[in-house]
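Structural features, examined
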Amino acid sequence: MTTQTVGDFLIKRINEWGLKRIYGYPGDGINGIIGAIDRANGSVEYVQVRHEEMAAFMACAHAKFTGEVGICLATSGPGAIHLLNGLYDAKMDHAGVVAIVGQQARAALGGDYQQEVDLMSLFKDVAHEYVHMASTPAQVRHLIDRAIRIANAERTVTCVIIPNDVQEMSAVEIPPRKHGTIHSGAGYAPPRVVPKDADLRRAAEVLNAGEKIAMLVGAGALQATDEVIETADILGAGVAKALLGKAVIPDDLPFCTGPIGLLGSKPSWDMMEQCDTLLVVGSSFPYSEFLPKEGQARGVQIDIDAKLVSVRYPMEVNLVGDSAETLRALMPLLERKHDRGWREQIEKGIADWWQVLEARAMNEAKPINPQRMFWELSPRLPDNCIIVADSGSAANWFARDLKVRRGMMASLSGNLATMGPGVPYAIAAKFAFPDRVVIATVGDGAMLMNGINELVTIANYWKEWSDPRLIVMVLANRDLNQVTWEQRVMAGDPKYECSQTVPSFEFARYAEMLGLTGIRVDKPEQIGPAWEQALSASRPVVLEAITDPEVPTLPPHITFEEAKKFTESMIKGEPRLGHMIKQTFMEAVEGLLPHKK
């Protein structure tokens with residue numbers, strides 16, 4: 001009988017936790033673990049990515065979409081370093097991820113050995129809740145048990161470092177029963193967390209006294225859809241959604257004001273400017289300038305994490321608890337608002353806003369208005385699909401123009417807002433839910449950064465998925481568009497072409513070279529048929545849309561200072577000044593006079 005190695009035991013223990021997938025890239029620092037995965041005969045699926053950063057992004061997306069812990073695997077030194085961006089994405093969006101990394105042999109440590117990096121220090125911030133290195137086989141059981149449990153319970157990143165010589169040693173499944181050993185167990189069940197009755201009553205008093213109530217929901221409310229809707233109905237409130245909370249409630253509800261913030265909607269802005277009471281559920285939305293002015297509104301916040309209450313707005317009552325459980329406990333204490341004037345005002349603003357968005361999407365552009373790509377996708381979204389966006393201007397249109405329905409999921413890099421997670425998020429979603437349609441919306445900057453590489457991963461695995469439909473829609477405008485507009489509006493600088501213009505790349509043709517379906521559109525009338533073709537394809541699709549970079553990503557409210565900076569950028573010399581002014585004017589006019597040209 002072959003002796004079980006530490007690597008074998010590690011994979012067996014991960015499997016005992018009910019985790020079935022690892023995203024990674026090989027290297028000699030983890031040979032003992034890779035060999036163990038092979039010997040496990042499929043009990044844990046190994047997904048080979050093109051770069052370790054992508055493995056971390058996929059583990060993060062796996063955690064977001066499934067609620068399970070995501071696992072990524074990297075070799076020592078350079079491979080471990082590559083994980084960091086994706087791990088910070090997970091940490092900042094409160095996704096439970098375990099990073100397993102290799103290390104040089106113990107005897108070499110401290111000897112300036114090849115690829116020797118102080119991994120404990122490297123991961124000390126991103127995995128601050130738990131990062132440890134195995135120095136003996138007897139540690140491995142409690143290291144992996146604690147890493148998985150803490151990642152799950154704290155919704156954070158943990159890290160286990162295993163030197164390559166330890167991986168090859170004989171496993172110690174049951175440490176000796178003596179002083180100085182640890183005997184851990186597998187398994188975690190989340191607790192029921194509900195605030196005290198007295199605090200619920202205080203919160204109800206605040207909400208019952210309000211006449212103009214605004215709600216803001218985030219990722220922490222994703223499992224509380226019914227409770228959010230019912231609470232809003234009782235209170236006559238409008239509901240704004242932080243980006244990570246886009247799928248909390250359907251966008252077609254008449255009281256859903258949609259996104260908030262720089263990528264937000266005018267109804268959300270108006271509601272926050274005029275409300276007298278604010279109820280925040282499961283959100284740590286960062287931009288306080290888009291919330292009520294301090295002192296304007298009384299506040300109640302619900303969050304599972306006590307560290308995150310009253311950090312954006314001074315709340316009168318903080319309820320630490322699960323969003324759904326807390327709302328269910330709170331609702332019997334709430335008094336139904338019989339005066340619906342505030343709700344009717346909100347609903348009218350929302351109806352007008354959807355007209356504005358449609359008019360903006362249908363404005364002419366050279367050659368295609370990027371908003372129209374999203375507007376025409378929205379009514380075609382398949383039931384229960386999963387939508388992801390990359391950072392950049394694509395996130396604006398994802399936030400505003402797509403009407404998410406009940407049963408759909410949607411996500412992106414929220415708090416880190418890093419470029420590059422769009423395609424790996426989509427891949428992880430497809431592995432987790434191979435029977436659901438997945439759509440990624442990505443700019444050409446992010447695609448050139450790493451997306452085109454992960455198309456190779458899609459080509460490698462798509463035949464394993466029961467429904468092969470994974471669509472990557474690329475906004476090809478040859479511009480790092482979000483930053484270009486930020487330079488104009490925030491710094492008063494014109495577009496700096498050396499920095500902002502990206503190389504031309506034929507994404508659709510590249511997809512075809514990989515054996516995928518490539519579709520290219522450069523005329524508005526092609527958009528609808530292109531989406532129909534993509535959504536009925538028998539294999540993954542890259543939909544390349546040649547879009548206009550001068551369509552502005554206007555915030556819902558433009559301050560005097562922003563208008564001043566924008567004017568300064570034009571005076572300093574824009575490369576396409578006339579066209580940019582025309583597109584900006586059309587966008588602004590639609591906000592005032594929708595459908596009137």
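What counts, and where the lines are drawn
Residues numbered from 1 in each chain as written. Predicted model: local features only at pLDDT ≥ 70, side-chain atom pairs only at ≥ 80, totals over all residues. Heavy atoms only, no water. Axes fitted to C-alpha atoms, helices over the stretch in contact; angles between N-to-C directions. Helix = DSSP H or I, 4+ residues; strand = E, 2+ residues; numbered from the N terminus. Parallel < 35°, antiparallel > 145°, perpendicular 65-115°, else oblique. Contact = heavy atoms within 4.5 Å. Pairing = 2+ DSSP bridges. Core = buried A, V, L, I, M, F, W, Y, C linked by side-chain atoms within 4.5 Å. Buried < 20%, exposed > 50% of the residue type's maximum accessible area, 1.4 Å probe, protein only. pLDDT = per-residue confidence, 0-100.

The next thing to look at is the packing of helix α9 (residues 197–209) against helix α12 (residues 323–330). Contact pair α9 / α12: the axes reach a minimum separation of 10 Å and the direction vectors enclose 70 degrees. Between α9 and α12, the interaxial angle falls into the category roughly perpendicular. Contacts from L200, A203, A204 and L207 of α9 reach α12 at T326, A329 and L330.

Now for the sheet that holds strand β9 (residues 256–259). Taking strand neighbours across the sheet as the criterion, the six strands line up as β9-β8-β7-β10-β11-β12 in an open arrangement whose pairing is parallel. Both outer strands of the open sheet, β9 and β12 (317–320), are each paired with one neighbouring strand and no more. Ignoring which end each strand starts from, the neighbouring axes of this sheet average 15 degrees apart. When strand β8 (residues 238–241) meets β9, the two strands line up parallel, connected through three bridges. Paired with K241 across the strands is P259, a residue of β9. Packed onto the sheet, helix α10 (residues 225–235) meets β7 (213–217), β8 and β10 (277–281) and runs at close to 170 degrees relative to β7.

Time to look at the nonpolar core. Counting 63 residues, the largest nonpolar core has L87, F123, I458 and V472 as the members making the most contacts within it. Here this core gets ten residues from one element, more than from any other, and that element is helix α3 (residues 52–66). With residues near it in sequence (within four places) discarded, F123 still touches A80, L83, L84, L87, V101, H128, V131 and C159. Counting 39 residues, the second-largest nonpolar core is a separate cluster that includes F374, V404, M473 and L475.

Turning next to the pairing of strand β15 (residues 438–443). The element β15 is largely enclosed, with a buried count of six among its six residues. Burial of β15 is two-sided: the residues V438, A440 and V442 facing one way and the residues I439, T441 and G443 facing the other way are all buried. Direction of pairing for strand β13 (residues 386–389) relative to β15: parallel, over a ladder of four bridges. Residue I387 lies in a different strand from β15, and its bridge partner there is I439. Bridging between β15 and strand β16 (residues 470–476) involves six bridges; their strand directions are parallel.

Taken residue by residue, the protein gives an average pLDDT of 93. The fraction at 70 or more is 93%. For residues 593–597, every residue scores under 50 in pLDDT, and the model assigns this stretch 13 contacts once sequence neighbours within four places are set aside.

Taken in spatial order, the six strands line up as β2-β1-β3-β4-β6-β5 in an open sheet, and their pairing is parallel. Across the chains shown, the open sheet's two edge strands, defined by having one partner strand only, are β2 (45–48) and β5 (131–133). Strand-to-strand twist in this sheet, taken as the mean axis angle between neighbours without regard to direction, amounts to 20 degrees. In this fold α3 packs onto β1 (21–24), β3 (70–74) and β4 (97–103), with an angle of close to 170 degrees to the strand it touches most, β3.

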